Amino acid sequence: MTSTFPPVEKTGTRTDPPPSPRSAVRGRRRQRTRNWLTAVGFQVPALLLFAALVLLPILFAGYAAFFRWGGFGMPSDYIGGENFTRLFKDPVFLGDLWRCFLLVALSLALQLPFALALAVMLNQRMRGRAVYRMLFFAPYVLSEAITGVLFAMIFAPGDGLADQLLGKVGLEGLGGEWFADPDMVMATLFLVMTWKYFGFHMMLYLAGLQAVPKELTEAALIDGAGPWQRFRNVTLPLLAPTIRISVFLSVIGAIQLFDLVWVITQGGPDHHSETMAVTMFQYGFKRYQVGYASAISVVMFGISLVFALAYQRFVLRRDLEGATTTMRGGVK
């Protein structure tokens, strides 16, 4: 029996020819160009704001530092490096440098170890540790202005809370003019600074402690290491990168300290609590010697920049190299 249906012709599946190497290269180039334009489009607004609010003021301050200028009109009385020569002969500014060094030394010797000790304690299992963390971190949330007003009231001579508490325990002789005594003002200011900022460093250390593998401390415990040995030989080396960042932030903060000092003492008594930023503000906005104030700002910027570059080069180098190695390894 023969089939009445016509034979079906077999047709092959139609396929498009593969793109030529030249067109593939052009396609990749167009994609890279689109990606680059997209990235530039997102970055340009931020870069413009950064240039207008940061770079241009820095450049203008460096320019104005070479003029005798009161802040009105454009600088015109060029005096060369006279402002800088005057700066390093000014006993007030030299005192600012000494007080900056003192605050840095006290912060590294007292404030940061105190924050580290509290972080280690609050990293242990204990009841209410979340509440303690919140209470210790709360001072950092307050603004510097509120903190300054609060402690100006606490350390008010006679009527302040500090003098009243000392009087109730029979130690009224230790109280007095906390911010008015030249011999006590820096110690009292450092106490306020510690209360304000130790919570921030404590949270940094807590975050670093969370990254320490528990297996290592448990292995050290099995090997018979005591609490101090576990902390010194296991926890502290692994926490070193966090400590280095904390030290960097503490030093930069001490160099640029302004708000607390201005709200509480305005640099008094007799310049004994002034910092470089307070001196700059006094000359720039109180005495209208903006050229001299610009020279102070240039020196502050130079000190911060040199410290940041040197710290990155000699202290953070190993951390940065490790991060770079990890990124390159991930690309491979």
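Residues numbered from 1 in each chain as written. Predicted model: local features only at pLDDT ≥ 70, side-chain atom pairs only at ≥ 80, totals over all residues. Heavy atoms only, no water.

Within an unreviewed UniProt entry, the label attached to the protein chain reads Sugar ABC transporter permease, and the organism entered is Streptomyces composti. The protein chain has a UniProt comment under Subcellular location (unreviewed entry) that states "Cell membrane". Among the UniProt annotations of the protein chain, the heading Sequence similarities (unreviewed entry) holds the following wording: "Belongs to the binding-protein-dependent transport system permease family." (UniProt positions renumbered as here; feature names shortened; annotations may be inferred.)

Draft legend 1. Looking closely at the domain arrangement of the protein chain. Under the domain assignment used here, the protein chain contains domain 1 (5-64) and domain 2 (82-330). If you average the C-alpha positions of domain 1 and of domain 2, the two centres end up 45 Å apart. Each partner contributes to the roughly 310 Å² buried at the junction of domain 1 and domain 2, and carbon and sulfur atoms together form 70% of this total. Of all residues in domain 1, Ile-58, Ala-61 and Ala-64 give up the largest surface area on contact with domain 2, accounting jointly for 88% of the area buried on that side. (Domains from an automatic or database assignment. Buried area = accessible area lost by both parts, 1.4 Å probe.)

Draft legend 2. Structural detail: helix H3 (residues 91-122). Helix length check: H3 (32 residues) gives 44 Å between terminal C-alpha atoms against 46 Å at 1.5 Å per residue, within 8%. Maximal helix bending in H3 amounts to about 40°, located at Ser-107. The N-cap of H3, judged by a side-chain oxygen 3.0 Å from the amide nitrogen of Val-92 a few residues on, is Asp-90. (Helix = DSSP H or I, 4+ residues; strand = E, 2+ residues; numbered from the N terminus. Expected span 1.5 Å × (residues − 1). Bend = angle between axes of the 7 residues up to and from the residue. Polar contact = N/O pair within 3.5 Å; in protein donor to acceptor, adjacent residues only side chain to side chain.)

Draft legend 3. Just helix H11 (residues 276-286), in detail. Listing the buried residues of H11 in full gives Met-276, Ala-277, Val-278, Thr-279, Gln-282, Tyr-283 and Gly-284. Those residues of H11 that are buried are in contact with helix H2 (82-87), H3, helix H9 (227-255), helix H10 (259-264) and helix H12 (290-314). Of the residues trailing H11, Tyr-288 is marked for its positive phi of about 55°. (Buried < 20%, exposed > 50% of the residue type's maximum accessible area, 1.4 Å probe, protein only. Contact = heavy atoms within 4.5 Å.)

Draft legend 4. Inspection of the packing of H9 against H12 at higher detail. Two elements in contact, H9 and H12, have axes separated by 10 Å at closest approach and are oriented at 170°. Classified by the angle between their axes, H9 and H12 sit roughly antiparallel to one another. For the pair formed by H9 and H12, the contact residues are Arg-244, Val-247, Phe-248, Val-251, Ile-252 and Ile-255 on the first element and Met-300, Ile-303, Ser-304, Phe-307, Ala-308 and Tyr-311 on the second. Across the contact of H9 with H12, the residue classes break down as ten nonpolar, one polar and one charged. (Axes fitted to C-alpha atoms, helices over the stretch in contact; angles between N-to-C directions. Parallel < 35°, antiparallel > 145°, perpendicular 65-115°, else oblique. Nonpolar A, V, L, I, M, F, W, Y, C, P; charged D, E, K, R; others polar.)

Draft legend 5. Here's a closer look at the environment of Pro-139. Looking at the secondary structure, you find Pro-139 in helix H4 (residues 129-141). Expressed as a C-alpha distance, the spacing of Pro-139 and Ala-207, which sit 68 residues apart in the sequence, is 18 Å. Among residues more than four places away in sequence, those in contact with Pro-139 are Trp-195 and Lys-196.

Draft legend 6. Structural view of the packing of H4 against helix H7 (residues 185-210). Where H4 meets H7, the closest approach of the two axes is 6 Å, and the angle between their N-to-C directions is 130°. It follows that H4 is oblique to H7 by the angle criterion. Of the two possible hands of crossing, H4 and H7 adopt the one that is left-handed. Contacts between H4 and H7 involve Arg-133, Phe-136, Phe-137, Pro-139 and Tyr-140 from the first element and Trp-195, Lys-196, Tyr-197, Phe-198, Gly-199, Phe-200, Met-202, Met-203, Leu-206 and Gln-210 from the second. For the contact of H4 with H7, the class distribution of residues is eleven nonpolar, two polar and two charged. (Left-handed = near helix turned anticlockwise from the far one by under 90°.)

Draft legend 7. The UniProt feature "domain: ABC transmembrane type-1" (unreviewed entry) in the protein chain, seen in detail. Per the UniProt record, the feature "domain: ABC transmembrane type-1" (unreviewed entry) sits at residues 97-311. Secondary structure within residues 97-311 divides into 75% helix and 0% strand; the distance between the first and last C-alpha atoms comes to 19 Å.

Draft legend 8. Main features of a nonpolar patch on the surface. Taken together, the side chains of Leu-49, Phe-50, Leu-53, Val-54, Leu-55, Ile-58, Phe-301, Leu-305 and Leu-309 make up a nonpolar region of the molecular surface, amounting to roughly 830 Å² of accessible area. Elements with a minimum of two residues in the nonpolar patch: helix H1 (21-64) and H12. The element best represented in the nonpolar patch is H1, accounting for six residues. Residue Leu-53 is classed as exposed on the basis of its relative accessible area, which comes to 64%. (Patch = residues over 30% accessible without salt bridge, like charges linked within 9 Å, V, L, I, M, F, W, Y side chains within 5 Å. Areas by Shrake-Rupley, 256 points an atom, 1.4 Å probe, with all protein chains shown as cover. Salt bridge = Lys/Arg side-chain N within 4 Å of Asp/Glu carboxyl O.)

Draft legend 9. The arrangement of the packing of aromatic side chains in detail. In this structure the tally under the stated criterion is 26 aromatic pairs. Between Phe-60 and Tyr-63, the ring centres sit 6.2 Å apart and the planes meet at 45°, which makes this aromatic pair tilted. Taken together, the residues span about one helical turn, with Phe-60 and Tyr-63 both in helix H1 at a distance of three residues. Under the relative-accessibility criterion, Phe-60 is labelled partly exposed at 31%. With 4.7 Å between their ring centres and 65° between their planes, Trp-262 and Phe-281 make a pair best called edge-to-face. Remark: Phe-281 occurs in helix H11 and Trp-262 occurs in helix H10; sequence separation between them is 19 residues. Accessibility expressed as a relative area gives 15% for Trp-262, which makes it buried. Three or more aromatic residues joined by ring pairs make a cluster, and in this case those are Phe-60, Tyr-63, Phe-67, Trp-69 and Tyr-78. Here the guanidinium or amino end of Arg-86 rests over the ring plane of Tyr-292, the centre of that ring lying 3.8 Å away. Lying over the aromatic face of Tyr-283, Arg-287 brings its terminal NZ or CZ to 4.4 Å of the ring centre. (Phe/Tyr/Trp six-rings, centres within 6.5 Å; stacked < 30°, edge-to-face > 60°. Lys NZ or Arg CZ within 6 Å of the ring centre and 35° of its normal.)

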